[in-house]
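Single-letter residue listing:
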Amino acid sequence: QVQLVESGGGLVQAGGSLRLSCAASGTIFRVDAMGWYRQAPGKQRELVAVKTTDGSTNYADSVKGRFTIARDNANNTVYLQMDSLKPEDTAVYYCNAIVLSRPGGVFLRYWGQGTQVTVSS
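The structure contained in this document is the topic of the report that follows. Keep in mind that this is a model prediction, so the values were computed, not measured.

Tallied over the full model, the rule gives four salt bridges. Close ionic contact of R38 with D89 constitutes a salt bridge, the shortest N to O distance being 3.0 Å. You can see R38 sitting in strand β4 (residues 30–39) and its partner D89 sitting in the loop between β8 (77–82) and β9 (91–100), a full 51 residues away along the chain. We note that R38, like D89, is buried. In this structure, the salt-bridge partner of K64 is D61, at a minimum N-O distance of 3.1 Å. Classification of D61 by relative accessible area gives exposed; the value is 64%.

For the rest of this paragraph, the subject is the environment of V2. Locating V2 in the fold gives a position in strand β1 (residues 2–7). Under the relative-accessibility criterion, V2 is labelled buried at 8%. Sequence separation between V2 and Y110 is 108 residues; the distance between their C-alpha atoms is 7.2 Å. Excluding residues that lie within four positions of it along the chain, V2 makes contacts with S25, T27, I28, V99, S101 and Y110.

Another point: the sheet that holds strand β3 (residues 18–26). Ordered in space as β1-β3-β8-β7, the four strands form an open sheet in which the pairing is antiparallel. Of all strands in the sheet, those bounded by a partner on one side alone are β1 and β7 (67–72). Put simply, the sheet's adjacent strands are angled 15 degrees from each other on average, direction ignored. Relative to β8, β7 runs antiparallel, the two being bridged by six bridges. Residue pairing across strands places D72 opposite T77, the latter belonging to β8.

A complete count under the given rule lists one aromatic pair for this structure. A ring pair is formed by Y37 and W111, whose centres lie 5.1 Å apart and whose planes are at 70 degrees; its orientation type is edge-to-face. Remark: W111 occurs in strand β10 (residues 107–111) and Y37 occurs in strand β4; sequence separation between them is 74 residues. Sitting above the plane of the Y94 ring, R45 keeps its charged end 3.7 Å from the centroid. When the ring centre of W111 is taken as origin, the NZ or CZ atom of R45, which lies over that ring, is 4.6 Å away.

A word on unusual backbone geometry. Positioned with a positive phi, N76 is a non-glycine residue whose angle comes to about 50 degrees. Residue placement: N76 occurs in the loop between β7 and β8. For N76, a relative accessible area of 19% gives the class buried. Even without being a glycine, S84 presents a positive backbone phi close to 50 degrees. When you line up the elements, S84 lands in the loop between β8 and β9. For S84, a relative accessible area of 42% puts it in the partly exposed group.

Conventions and cut-offs
- Residues numbered from 1 in each chain as written.
- Predicted model: local features only at pLDDT ≥ 70, side-chain atom pairs only at ≥ 80, totals over all residues.
- Heavy atoms only, no water.
- Salt bridge = Lys/Arg side-chain N within 4 Å of Asp/Glu carboxyl O.
- Helix = DSSP H or I, 4+ residues; strand = E, 2+ residues; numbered from the N terminus.
- Buried < 20%, exposed > 50% of the residue type's maximum accessible area, 1.4 Å probe, protein only.
- Contact = heavy atoms within 4.5 Å.
- Pairing = 2+ DSSP bridges.
- Axes fitted to C-alpha atoms, helices over the stretch in contact; angles between N-to-C directions.
- Phe/Tyr/Trp six-rings, centres within 6.5 Å; stacked < 30°, edge-to-face > 60°.
- Lys NZ or Arg CZ within 6 Å of the ring centre and 35° of its normal.

Structural data, given as structure tokens:
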């Protein structure tokens, strides 16, 4: 099994910054993409940012220029630096990883438990 443990959420004023971290542990042979999704009340979960092992990145249009995703591949950790936060960024943020647990197996998607980010106006 694979576990994703997130940290770094909290309450911040508009214009402020937060940094989220997520570490993957457990039975891991290889990690492909790692990233962040978010879900606001009454809305569907949406992609925020994703980064593959080879460094390719993808950001939601709403966060481009404000959020930066980074990875520590050696430690199976992904970070999300969030700057210039807006009230509409308020949501539960979920870490996501695509993991191969053994050679010859299949890549599976895992989720963290979620961390609340609240941006006050």
